[in-house]
Amino acid sequence: MARILMCPPEFYGIEYEINPWMSRQRQSDPDLAREQWNGLHAHLRLASAEIALLPPAKGLPDLVFTANAALIYRRTAVLANFRHPERQGEIPYDEAWLTADGFKIERVPEDLHFEGAGDALFCGDTLFAGYRIRSHALGHQGIGRLLGCRVIPVELVDPYYYHLDTCFCPLAPGVAIYYPAAFDDYGRAALAAHIGTLIPVEDQEARSFACNAVVVGRTVVTNTGCPRLHAALSAAGFTPRSTPLSEFVKAGGSAKCLTLRLDGEEAAGWKSRA
Ligand code: ARG
């Protein structure tokens, strides 16, 4: 059974601005945020995922984005080392929860930033790693040595797509969604060289966070406003589901950012062999 970590949005809000989506002038509505978070939770339960809860903490509004807590590989969690001081306070909460759940904790060197599954995603046996805006490429190389896996670093060139999971989503080994304009020529070529089926997302749907999808089995859950992607997913044999997440888009996040797959994402080669 899929196991996913989420954090209720009790203390969620736009309290600072660390990416171009965020503006303190455009606050999220707490009741609507709670309703939308419940909607995502319900969709994942329907897809028969088990949801574990990270307790929310006052003063850490982005703790809801559990994707950034760590990179999960089997029972090892490589903890995040956030670039922005605003999010660094989340680390002890993530570490305490993951330790209590039995994960072996690993870290990147102190001077390197790393933002967990937000910037590092397995597709098959290869770890695709986004760098420049939040995470350091050098940290990714160290993670590859630690886990004994191949790492393909891809540079993120558009500040709106500041984490890899905002513009790339592995669906299964050899299959992924991506937003071409978020990468440079090298990045696009590297993705094409290693992933047989790449499903492109167009500008408008990318802005609706089409790529920020949660995959459970063949079910793919995204924000609303991604009809073309959903048609492509259906044609490829997946079951797309949409659920409104506008209040989280105000912080630069959507479905995937609100989740951390604890048993390995569907597309991870080591997961599909397990
Ligand atoms: N406001 C958060 C930040 O800028 C949003 C994080 C979204 N998470 C993600 N995995 N893309 O860090």
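See the structure above.
Here the structure is a predicted model, which is why all the values come from computation and not from measurement.

**Student:** For this particular structure, what's the right way to read the site of the ligand?
**Tutor:** Among the 17 residues in the neighbourhood of the ligand, the closest are listed as Asn-19, Arg-87, Arg-134, Asp-165 and Cys-257. At 2.8 Å from an oxygen atom of the ligand is found a side-chain nitrogen or oxygen belonging to Arg-134. One of the side-chain N or O atoms of His-163 is found 2.9 Å from a nitrogen atom in the ligand. Protein contact buries 100% of the 350 Å² of open area that the ligand shows by itself. Class assignment of the residues belonging to the shell around the ligand gives a composition of seven nonpolar, six polar and four charged.

**Student:** So what exactly am I meant to see when it comes to the side chain of Thr-126 here?
**Tutor:** You can see Thr-126 is positioned in strand β7 (residues 126-131). Contact partners of Thr-126, with chain neighbours within four places excluded, come to Leu-121, Arg-150 and Ile-152.

**Student:** Looking at this structure, I do not really get the side chain of Arg-261. What am I missing?
**Tutor:** Along the chain, the position of Arg-261 falls in strand β15 (residues 260-261). Overall, Arg-261 belongs to the buried group, its relative accessible area being 6%. In this structure the side chain of Arg-261 is engaged in a polar contact, spanning 3.1 Å, whose partner is the backbone oxygen of Val-215. Within polar-contact distance, the side chain of Arg-261 engages the side chain of Glu-266 at 2.8 Å. Excluding its chain neighbours within four sequence positions, the residues that come into contact with Arg-261 are Ala-2, Arg-3, Ile-4, Ile-72, Val-215, Val-216, Glu-266 and Lys-271.

**Student:** Where do I start with the sheet that holds strand β6 (residues 120-123) in this structure?
**Tutor:** Within a sheet, each strand pairs with its neighbour through backbone hydrogen bonds, oriented either parallel or antiparallel. With mixed pairing, three strands are arranged side by side in an open sheet as β6-β7-β8. Both outer strands of the open sheet, β6 and β8 (150-155), are each paired with one neighbouring strand and no more. Across the sheet, the mean angle from the axis of one strand to that of its neighbour is 30 degrees, orientation sign disregarded. Taken together, the four bridges between β6 and β7 define a ladder with antiparallel strand orientation. Each bridged residue has a counterpart across the sheet, and for Cys-123 the counterpart in β7 is Thr-126. Helix α4 (residues 137-147) rests against β6, β7 and β8 of the sheet, and its axis sits at about 160 degrees to β7. The strands touched by helix α5 (residues 185-194) within the sheet are β7 and β8, with β8 carrying the most contacts at an inclination of about 145 degrees.

**Student:** Looking at this structure, how should I read the pattern of salt bridges?
**Tutor:** Any two side chains of opposite charge can pair, so long as their charged atoms come close to each other. In total, this model carries 16 salt bridges according to the counting rule given. Between Arg-75 and Asp-101 there is a salt bridge whose closest N-O contact spans 3.6 Å. With Arg-75 in the loop between β3 (70-73) and β4 (76-79) and Asp-101 in the loop between α3 (91-100) and β5 (104-106), the pair connects residues that are 26 residues apart, well separated along the chain. For Arg-75, a relative accessible area of 39% translates into the label partly exposed. Linking Lys-250 and Glu-247 is a salt bridge whose minimum nitrogen-to-oxygen distance equals 2.8 Å. You'll find Lys-250 and Glu-247 in the same group, each marked buried. Beyond isolated ion pairs, a larger network of salt bridges with shared partners links Arg-3, Glu-50, Arg-75 and Asp-101.

**Student:** Explain the nonpolar core to me, please; I cannot follow it from the model alone.
**Tutor:** A general trend in soluble globular proteins is that nonpolar side chains are found buried together. Formed by 40 residues in total, the largest nonpolar core has its most connected members in Leu-164, Phe-168, Leu-171, Ile-177, Phe-183 and Leu-191. For this core, the secondary structure elements donating two or more residues are β6, β8, β9 (168-172), β10 (175-178), α5, β11 (197-200) and α7 (227-235). Apart from residues lying up to four places away in sequence, Leu-164 is in contact with Gly-118, Asp-119, Leu-121, Phe-128, Ala-129, Gly-130, Val-154, Leu-156 and Phe-183.

**Student:** Explain the sheet that holds β9 here, please?
**Tutor:** Spatially, three strands are ordered β9-β10-β11 in an open sheet, and the strand pairing comes out mixed. With one partner strand each, in any of the chains shown, β9 and β11 form the two edges of the open sheet. Neighbour-to-neighbour, the strand axes of the sheet open up by a mean angle of 25 degrees, direction not taken into account. Relative to β10, β9 is paired through four bridges, and the arrangement is antiparallel. Looking across to β10, one finds that Ala-172 is bridged to Val-175. In the packing of α7 onto the sheet, the strands contacted are β9, β10 and β11, and the crossing angle to β11 comes to about 155 degrees.

The rules behind these values
Along each chain, residue indices are assigned from 1 in the same order as the chain's sequence is written. Totals for whole chains, interfaces and linings use all residues, but because this is a predicted model, local features are given only for residues with pLDDT of at least 70 and pairs of side-chain atoms are given and counted only at 80 or more. To get the side-chain values, take all heavy atoms of the structure and skip hydrogens and water. For this purpose, a residue is taken to be near a molecule or strand whenever a single non-hydrogen atom of the residue falls within 4 Å of it. Counted as a polar contact is a pair of N or O atoms within 3.5 Å, where, for protein atoms, one must be capable of donating a hydrogen and the other of accepting one, and residues adjacent in sequence contribute only when both atoms are in side chains. Reported accessibility uses the Shrake-Rupley method at a 1.4 Å probe radius. Residues are deemed covered only where the shown protein chains occlude them. Polarity classes work like this: nonpolar for Ala, Val, Leu, Ile, Met, Phe, Trp, Tyr, Cys and Pro, charged for Asp, Glu, Lys and Arg, and polar for all others, with Gly in that last group. Put simply, DSSP H or I for four residues or longer makes a helix, DSSP E for two residues or longer makes a strand, and each gets a number counted from the N terminus. Residues are treated as being in contact if the distance between any of their heavy atoms lies within 4.5 Å. Buried, partly exposed and exposed residues are distinguished by accessible area as a fraction of the type maximum, computed with a 1.4 Å probe on protein chains only: under 20%, between the cut-offs, and over 50%, respectively. By definition, two strands form a pair when at least two bridges between them are found by DSSP. Fitted lines through C-alpha atoms serve as axes, helices being fitted only where they are in contact, and the angles separating the N-to-C directions of these axes extend from 0 to 180 degrees. The term salt bridge refers to a pairing of a side-chain nitrogen on Lys or Arg with a carboxyl oxygen on Asp or Glu at a separation within 4 Å. Residues belong to one nonpolar core when they are buried, are Ala, Val, Leu, Ile, Met, Phe, Trp, Tyr or Cys, and are joined through side-chain atoms within 4.5 Å.

What is shown is where atoms sit, not what they do.
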